[in-house]
Amino acid sequence: MKRKEFLRLAGAAAAGSLFAPGPAVRDVWVGAEGKTRVTVKLYELKLRQAWGLSRGTWTTRRNAYVRIERDGVVGLGEAAPIARYNETAESAAAFIDKARALLERDLSEYAVRFGEVDAVGPGEHAAKAALDMAILDWVGNRLKVPLWKFLGLGRDKAVTTTYSIGIDEVPVMQQKVRDAADFSVYKIKVGTADDRKIIEGIRAVTAKPLRADANEGWKTKEEALEMINWMAGLGVELVEQPLPASRLEDYAWLKDKVKIPVFADESLIQASDLPRIAPYFHGVNIKLMKCGGVQEAVRLAAMARALGLKLMIGCMIESSLGISAGAAIASLFDHADLDGNLLVSNDPFRGVRTVKDRLVLDDKPGLGVEGDLF
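Residues numbered from 1 in each chain as written. Predicted model: local features only at pLDDT ≥ 70, side-chain atom pairs only at ≥ 80, totals over all residues. Heavy atoms only, no water.

1. Some remarks on the confidence of the model for the protein chain
Atomic detail in the predicted coordinates should be set aside for any region of low pLDDT. Spelled out, the test is: The predictor rates its confidence in each residue with pLDDT, a number between 0 and 100. Note on definitions: a residue-residue contact is assigned when non-hydrogen atoms from the two residues lie within 4.5 Å.
Across the protein chain, pLDDT averages 92, with 91% of residues at or above 70. This model gives residues 11-17 a pLDDT under 50, and the stretch forms 8 contacts once residues within four places in sequence are excluded.

Take a look at the structure:
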């Protein structure tokens, strides 16, 4: 099947299955014709501990938040900008401002609005995700139905999240694992010259399964192969993005030689990337902030399934607002890494609960989020 044909069919299938409200739903919109009030705020999330990746270390992350209100109904969204893609909280806020006029249109046509938001300009996927969240949250609140139920998804499946351990001195990383004893799987950030010491150090304090994320940190395909197969022997289940995203020829060489699955993260941004990268990976990590929101994430999941890929839903450093949006669709995925809110000390929202390592959805409408930011 040609790439364009695949995209058309997969996109239509995903959109048709989840984003086609029936007459009973459409009847609720009668009278929803008031003006939309849009408020944007920037907020600095403080990390409980330094957050180290192969490309840097942070103690705070600045995100943008949007609140829309029409006819007394509110919708909330979060943008956790990704510096690798030249995004900032300020650029996200500027994008949202450019898209304000679209929010005066019929919000019941949320799939149409998503396409219009995407067309406002290139990039700024975190801002697009915030607007997508806010519109869907508004829709759910208007209908008085949780987003997961509105999308036709259930909550019977037990969805558990990994707990992420950022790069630090090995004793510090070991203590982070001890402090997160309720979790059954840990994601370990790697991609440094000390990766063997890191994994050995973590193995010294836990026998639980591990997943490794190199964030493009290894330099050659030979180094990646050696490290991945060595890690496999120490109970690492999978590795994310071992090499730079652009080096697909190296991933082709690597794929059939590794003992455990390799997942794409930075190599996959949005749906148009998937046919190009799919042959070179065993799975993909889909993030709302990276792809542009809930609707695009669902489309990506459907496409990736059609290509035989394993699915992970991931996150950035986010509050409970963004994490709740990801949790609403997490049942579609094989693995969840939705712990960004657990890594911050000043979360301004309350939403999905993490009980031990299980994500627990409730019956509150929309995203089910409350907070004091606005």
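2. A look at the packing of aromatic side chains
Two aromatic rings are characterised by how far apart their centres lie and by the angle between their planes. For the record, the criterion: Only centres within 6.5 Å qualify two rings of Phe, Tyr or Trp (six-membered ring in Trp) as a pair; their planes then separate them into stacked at under 30 degrees, edge-to-face at over 60, and tilted for everything else. Counting from the N terminus, the helices are DSSP H or I runs at least four residues long and the strands are E runs at least two residues long. Buried means the residue's accessible area, taken with a 1.4 Å probe over protein chains only, is under 20% of the maximum for its type, while exposed means over 50%, and partly exposed covers the values in between.
This model, assessed by the stated rule, comprises 5 aromatic pairs. Between Tyr43 and Tyr65, the aromatic rings sit 6.3 Å apart at their centres with planes inclined by 75°, giving edge-to-face as the arrangement. Remark: Tyr65 occurs in strand E2 (residues 56-70) and Tyr43 occurs in strand E1 (residues 37-53); sequence separation between them is 22 residues. A relative accessible area of 21% means that Tyr43 is categorised as partly exposed. According to the relative accessible area criterion, Tyr65 is buried, its value standing at 0%. Relative to Phe150, the ring of Tyr110 has its centre 5.6 Å away and its plane inclined at 70°; by these criteria the two rings are edge-to-face. Taken as a pair, Tyr110 in helix H4 (residues 110-119) and Phe150 in helix H6 (residues 147-150) lie far apart in primary sequence, 40 residues in all.

3. A closer look at the nonpolar core
Using the following cut-off: Here, nonpolar core means buried Ala, Val, Leu, Ile, Met, Phe, Trp, Tyr and Cys residues that are tied together by side-chain atoms lying within 4.5 Å of each other.
Residues Ile188, Trp218, Met231, Val284, Ile286 and Ile329 are the most contacted members of the largest nonpolar core, which totals 119 residues. The greatest single-element share of this core, amounting to 12 residues, is contributed by helix H5 (residues 125-143). Excluding its chain neighbours within four sequence positions, the residues that come into contact with Ile329 are Leu151, Leu153, Leu288, Val294, Ala297, Val298 and Ile313.

4. What to know about the environment of Glu222
Mapped onto the fold, Glu222 is located in helix H9 (residues 221-232). A relative accessible area of 44% means that Glu222 is categorised as partly exposed. When the C-alpha positions of Glu222 and Leu254 are compared, they lie 8.4 Å apart, and in sequence the two are 32 residues distant.

5. Considering unusual backbone geometry
Most peptide bonds take the trans configuration, and most residues that are not glycine carry a negative phi. A positive phi angle, close to 55°, is found at Asp71, a residue other than glycine. Within the secondary structure layout, Asp71 lies in the loop between E2 and strand E3 (73-79). Using a relative accessible area of 36% as the deciding quantity, one classes Asp71 as partly exposed.

6. Comments concerning the sheet that holds E1
Rules: If DSSP finds at least two bridges between two strands, the strands pair. To get an axis, fit a line to the C-alpha atoms, keeping to the stretch in contact for a helix; angles then go from 0 to 180 degrees between the N-to-C directions.
Taken in spatial order, the 3 strands of this open sheet run E1-E2-E3, and their pairing is antiparallel. Strands at the two margins of the open sheet, each flanked by one partner only, are E1 and E3. Mean inter-strand twist for the sheet, computed between neighbouring axes without regard to direction, equals 20°. Two elements, E1 and E2, share 13 bridges in a ladder whose sense is antiparallel. Across the sheet, the residue bridging to Leu53 is Gly56, located in E2. Set on the sheet, helix H3 (residues 89-98) makes contact with E1, E2 and E3; between it and E2 the angle comes to about 15°. Sheet strands touched by H5: E2 and E3. Its angle to E3, the strand with the most contacts, is close to 155°.

7. Observations regarding the sheet that holds strand E8 (residues 262-264)
Note: strands within a sheet are paired through backbone hydrogen bonds, in either parallel or antiparallel orientation. Read across the open sheet, the 8 strands follow the order E4-E5-E6-E7-E8-E9-E10-E11; overall the sheet is parallel. Two strands in the sheet have a free side with no partner beyond their single neighbour: strand E4 (163-165) and strand E11 (335-336). For strand E9 (residues 283-287) and strand E10 (residues 310-314), the ladder comprises 5 bridges, and the chain directions are parallel. Across the sheet, Asn285 pairs through a bridge with Met312, a residue of E10. Docked against the sheet, helix H8 (residues 195-203) engages strand E5 (186-189) and strand E6 (210-213), running at close to 155° with respect to E5.

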